[in-house]
Amino acid sequence: TLSDRLSSVFTSLRGKGRLSEEDINTTAREIRLALLEADVALPVVRTFIARIKERARGTEVSKALNPAQQVIKIVNEELVEILGGQTRDIRYAKTPPTVIMLAGLQGSGKTTLAGKLARWLVAERNTPLLVAADLQRPNAVTQLQVLGERAEVPVFSPEPGNGVGDPVAVARESVEYARRQNHNVVIIDTAGRLGVDEEMMRQAADIRDAVSPDEILFVVDAMIGQDAVTTAEAFRDGVGYDAVALTKLDGDARGGAALSVRHVTDRPIMFASTGEKLDDFDLFHPDRMASRILDMGDMLTLIEQAQRTFDESEAEDMAKKLASGDDFTLEDFLEQMQMVRKLGPIGNLLGMMPGMGQMRDQISNVDEKDLDRITAIIRSMTPAERANPKMINGSRRLRIANGSGTQVSDVNGLITRFFDAQKMLRQMKGGGGSGMPGMPGM
Ligand code: GDP
Ligand code: MG
């Protein structure tokens, strides 16, 4: 797997400095292979790799993770980001019915998805109507009716005996019907062909113009791999769509199609279909997809655990140091601020200790820019100054300000803040008697 291969790339490097250019290149090659194996389209792979390289170059090797894990973490974060970050839900119309139109190649899973979506909408307390606007294949209407019955959702279809029927008219009438019958969502199933085809596109565009859908969903089979790109582009130009539904994710495909489609169309992937049953359906989750593309969900879990354990043990060390008050140095002060920002909820534990609420507030008012400035100032001090800030006189302050690109007033502010924090710690230690109450993990 990718994680094994990356681990062997990084046998030599561990927890020191930055990744070397050679490490980055070797890593990039492995990731490239993994993405191609997952069927991600080549141009997409290229762009992605360039991004990863850039980010890997700038990162310091973390203490918590080995370099392989760290690169995987970066790759995963970028993948999630490119896959859309967060899941997106349907945008409902201000005045019902909300019209959702499905478009895609034949066999991509539109009709099945229509049934699943209807069922899902019912579970979300909607009253959907399914519309059979695929009049191309003889049994398409029956297929939707069967699904509708299973989903317990009514199906609007052309009157039998009316001859072939006009899908545009059916779609238009269905919206009127839905309004009268108080269906708040209309799902229009359309016809597809095996390949991209002018007439099919025109029909889909005509239906679109007749009903002005609130959402057009492009339905694409994840198993078609790289072909997804050309199909996605053809439908984007021929009909246009607001979001994508990926189907057949239960197959062998690692789902590189998701990455390609997202990249090429810049449309969110909204739904994921993972089987033939009505329930095999969910909102699309970028994080799940990312670990599937990388094929290393387990590794990601390990990374999370390693990171968390590390953060917790750092917090514990810090708490011990705080409890002793006196040896609290500027280094500690800085580390503490960084940690509180990073830890979030764990940092909030500080607020539960006597006297520490104030400190926590003081620290959480620090924003990224502040923190950068504070870091620069402390880094510009000599080790002796950091250990014993009392020795930082006027001329030292000026030197530190110049060295860190800040003002003397910034240096003064920081030192005052530090002494306040130190004083608070001493009081806490003296007044509290037994010190901190027993806190889990502290
Ligand atoms: P349409 O031509 O776009 O309407 O596609 P259909 O909905 O008729 O689906 C084509 C075939 O794919 C049918 O046999 C479905 O049962 C199957 N299918 C659809 N979605 C999925 C899925 O998520 N997983 C699997 N395994 N099969 C699916
Ligand atoms: Mg169909």
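Quick note: structure is the one above.
Each value, and the rule that gives it
- Residues numbered from 1 in each chain as written.
- Chains lettered and ligands numbered in written order.
- Predicted model: local features only at pLDDT ≥ 70, side-chain atom pairs only at ≥ 80, totals over all residues.
- Axes fitted to C-alpha atoms, helices over the stretch in contact; angles between N-to-C directions.
- Helix = DSSP H or I, 4+ residues; strand = E, 2+ residues; numbered from the N terminus.
- Left-handed = near helix turned anticlockwise from the far one by under 90°.
- Contact = placed C-beta atoms within 7 Å.
- Nonpolar A, V, L, I, M, F, W, Y, C, P; charged D, E, K, R; others polar.
- Pairing = 2+ DSSP bridges.
- Core = buried A, V, L, I, M, F, W, Y, C linked by C-beta atoms within 7 Å.
- Buried ≥ 20, exposed ≤ 12 C-beta atoms within 10 Å, placed from the backbone.
- Domains from an automatic or database assignment.
- Near = placed C-beta within 6 Å.

### Examining the packing of helix H9 (residues 227-238) against helix H10 (residues 256-265)
When two helices pack together, their arrangement is given by the angle between the helix axes and by the axis-to-axis distance.
So, point 1. Where H9 meets H10, the axes come as close as 9 Å, and the angle between the chain directions of the two elements is 35°. When the axes of H9 and H10 are compared, the crossing they make is right-handed. From H9, Ala228, Val229, Ala232, Glu233 and Arg236 reach across to H10, where they touch Ala257, Ser260, Val261, Val264 and Thr265.
So, point 2. In the contact of H9 with H10, the residues fall into six nonpolar, two polar and two charged.

### Here we look at the sheet that holds strand E4 (residues 185-190)
So, point 1. Judged by pairing direction, the sheet is mixed, and its eight strands sit side by side in the order E3-E2-E4-E1-E5-E6-E7-E8 without closing on themselves. Two strands close off the open sheet at either side, each with one partner strand: strand E3 (155-156) and strand E8 (281-283).
So, point 2. Contacts between helix H5 (residues 110-123) and the sheet are confined to strand E1 (98-103), strand E2 (128-133), E4, strand E5 (215-221), strand E6 (243-247), strand E7 (269-273) and E8, with E4 contributing the most and set at about 170° to the helix.
So, point 3. Across the face of the sheet, helix H7 (residues 167-180) comes into contact with E1, E2, E3 and E4 while running at roughly 165° to E2.

### Details of the nonpolar core
So, point 1. Val131, Ile188, Leu217 and Leu246 are the most contacted members of the largest nonpolar core, which totals 89 residues.
So, point 2. Domain assignment of the residues forming this core places at least three in each of domain 1 (2-82) and domain 2 (98-290).
So, point 3. Once you skip the residues sitting within four places of it in the chain, Ile188 turns out to touch Val99, Ile100, Met101, Leu102, Val131, Ala133, Ala171, Ser174, Ile207 and Val211.
So, point 4. Residues Phe333, Ile378, Leu414 and Ala421 belong to the second largest nonpolar core, which totals 13 residues.

### Side note on the packing of helix H2 (residues 21-37) against helix H3 (residues 42-58)
So, point 1. For the pair H2 and H3, interaxial distance at closest approach is 10 Å and the crossing angle is 150°. In terms of crossing hand, the pair formed by H2 and H3 is right-handed. Of the residues in H3, those in contact with Ile24, Thr27, Ala28, Ile31, Arg32, Leu35 and Leu36 of H2 are Val45, Phe48, Ile49, Ile52, Lys53, Ala56 and Arg57.
So, point 2. Residue composition of the contact of H2 with H3, by class: 10 nonpolar, one polar and three charged.

### Observations concerning the site of ligand 1
So, point 1. Around ligand 1, the surrounding shell holds 17 residues, and the nearest of these are Gly109, Lys110, Thr111, Thr112 and Ser273.
So, point 2. If one sorts the elements of the shell around ligand 1 by residue count, H5 sits on top with three residues.
So, point 3. A breakdown of the residues in the shell around ligand 1 according to their chemical character gives no nonpolar, 12 polar and five charged.

### Details of the environment of Met270
So, point 1. With respect to the helices and strands, the residue Met270 is situated in strand E7.
So, point 2. The class for Met270 is buried, based on 21 C-beta atoms found within 10 Å.

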